[in-house]
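Residue-level structure breakdown
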Amino acid sequence: MVATITMPRLLQIGGGALGEVGSLLARLGIKRPLIVTDRFMESSGLLAKLTDRLDQAKVKWRVYADTVPDPTDTVVEAGAKFLAEGDHDGLLALGGGSPIDTAKAISVLAANGGKMRDYKVPNEIPKAGLPLVAIPTTAGTGSEVTRFTVITDTERDEKMLIMGLACCPAAAIVDYELTLSKPWRLTADTGIDSLTHAIEAYVSKRASPFTDGVARSAMALIARNLRTACREPDNRKAREAMMLGSMQAGMAFSNSSVCLVHGMSRPIGAFFHVPHGLSNAMLLPEITAFSAPAALERYADCARAMGIAAEGEGNQSAVARLLDELRGLNADLRVPTPKDYGIDEKRYRELMPTMASQALASGSPGNNPRVPTAEEIVELYGRVYA
Ligand SMILES: [Fe+2]
């Protein structure tokens, strides 16, 4: 099997890496970037930290700060319009997955025209747009290194997966110091998201020896540090490990794939506005229990990589430990069920067939070690509601 690996051209990794933004832009030949970010980055002072550096490096910039959680096609269109009004030669995304995903989509739309849904998987993106430098402030979606963006189609209430080389950032600045102030809930949600990326990349039918290596490393880092990062927000070692782990998990799933958890998670997010990491967390233990019999050894490897099963331990027992750990993690990180989250049961059950067909259409369940039917997905949605 020949694996195709897509990655940014340049990664600047480590505490204080943000300070090197000027020289990084110079190396890429970017002189007039549009910064894509959100209002929180503006009010928290992180944006000013970036623009101070840019001013020192005599880089001309403008800011589009109207990105929203679960980025929408309308916000992307407005961003592309704003981009066209200036004279820009690159994009600089600052924030969590949402500003980074928005910046990717703006780059795609500005270069290719039309509507965002024209580029929904399995459609191709004809042209790559302006180069993007991603600066994540969460650990994380891994979006800084992936060739995906997820944009909500506001007319159809659908989270669309958009994928291709055109969505891969040219460079990323991966500075864990930007995550030191991240609140508990956000640390937990984005951390479980990245653990899900690593596990799904590893068990996916599209896994390769390259993605296996980064996925295992990611699982080891995340599983050993997530609880500490939540409990001790200023623990630099834990934050650094989480940042590195989430980036490696991003490399793993971008070049392998996500699977059934993400496939089922996107519709929950689209219809009920549950944050992405949280809807993954609601699903992860149950979907792992459903999928594990089809790839016992792979899931057992996950338990070993996470340090919860011994190297010599049998697969069945290692997988049992994995399920215990995922349930325990949800309990420790106070992950609610859809019911406890306040999702209306009648509407949830009515929407289950629609959510199942959207999940299947995204293609992600097809990469799962156990490929479910639409009926099985409906049944799984029912089981996790609680
Ligand atoms: Fe994710």
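Residues numbered from 1 in each chain as written. Predicted model: local features only at pLDDT ≥ 70, side-chain atom pairs only at ≥ 80, totals over all residues. Heavy atoms only, no water.

We now examine the packing of helix α6 (residues 184-203) against helix α9 (residues 260-272). Closest axis-to-axis distance for the α6/α9 pair is 9 Å, and the angle between their directions is 140 degrees. Between α6 and α9, the crossing angle belongs to the class labelled oblique. Only Leu-260, Val-261 and His-262 of α9 make contact with α6, whose side of the interface consists of Asp-193, Thr-196, His-197 and Glu-200. A class-by-class count of the residues in the contact of α6 with α9 yields 2 nonpolar, 3 polar and 2 charged. (Axes fitted to C-alpha atoms, helices over the stretch in contact; angles between N-to-C directions. Helix = DSSP H or I, 4+ residues; strand = E, 2+ residues; numbered from the N terminus. Parallel < 35°, antiparallel > 145°, perpendicular 65-115°, else oblique. Contact = heavy atoms within 4.5 Å. Nonpolar A, V, L, I, M, F, W, Y, C, P; charged D, E, K, R; others polar.)

Summed over the entire model, instances satisfying the criterion amount to 6 aromatic pairs. Centroid distance Phe-272 to Tyr-348: 5.9 Å. Interplanar angle 35 degrees. Geometry classified as tilted. Of this pair, Phe-272 sits in helix α9 while Tyr-348 sits in helix α13 (residues 345-361), placing them 76 residues apart in sequence. The two residues Phe-272 and Tyr-348 agree in class, both being buried. A ring pair is formed by Tyr-348 and Tyr-381, whose centres lie 6.4 Å apart and whose planes are at 90 degrees; its orientation type is edge-to-face. (Phe/Tyr/Trp six-rings, centres within 6.5 Å; stacked < 30°, edge-to-face > 60°. Buried < 20%, exposed > 50% of the residue type's maximum accessible area, 1.4 Å probe, protein only.)

What follows deals with the sheet that holds strand β5 (residues 132-136). Strand order in this open sheet of 6 strands is β1-β8-β5-β4-β2-β3, and the pairing throughout is parallel. In this open sheet, the two strands that pair with only one neighbour each are β1 (10-13) and β3 (62-64). Going across the sheet, the axis of each strand differs from the next one's by a mean of 20 degrees, ignoring polarity. Alignment of strand β2 (residues 33-36) against strand β4 (residues 90-95), held across 4 bridges, turns out to be parallel. What sits directly across from Ile-35, in β4, is Leu-92. Packing against the sheet, helix α8 (residues 236-255) makes contact with β1, β5 and β8 (171-174), and its axis sits at approximately 160 degrees to β1. (Pairing = 2+ DSSP bridges.)

Turning to the coordination of the iron ion, a few remarks are in order. Surrounding the iron ion are the protein donor atoms Asp-193 (OD), His-197 (NE2), His-262 (NE2) and His-276 (NE2), which sit 2.1 to 2.2 Å from the metal. Considering all 4 donor atoms around the iron ion, the spread of angles at the metal, 85 to 168 degrees, places the coordination shape in the irregular class. Going along the chain, you hit the donors of the iron ion in the pattern D-x3-H-x64-H-x13-H. Note that Asp-193 is positioned in helix α6 and His-262 in helix α9, a separation of 69 residues in sequence. Exposure remark for His-262: the relative accessible area of 4% places this residue in the buried category. (Donors = N, O, S within 2.8 Å, 3.2 Å for Na, K, Ca; no water. Tetrahedral: all angles 85-135°; square planar, octahedral: opposite > 155°, others 65-115°.)

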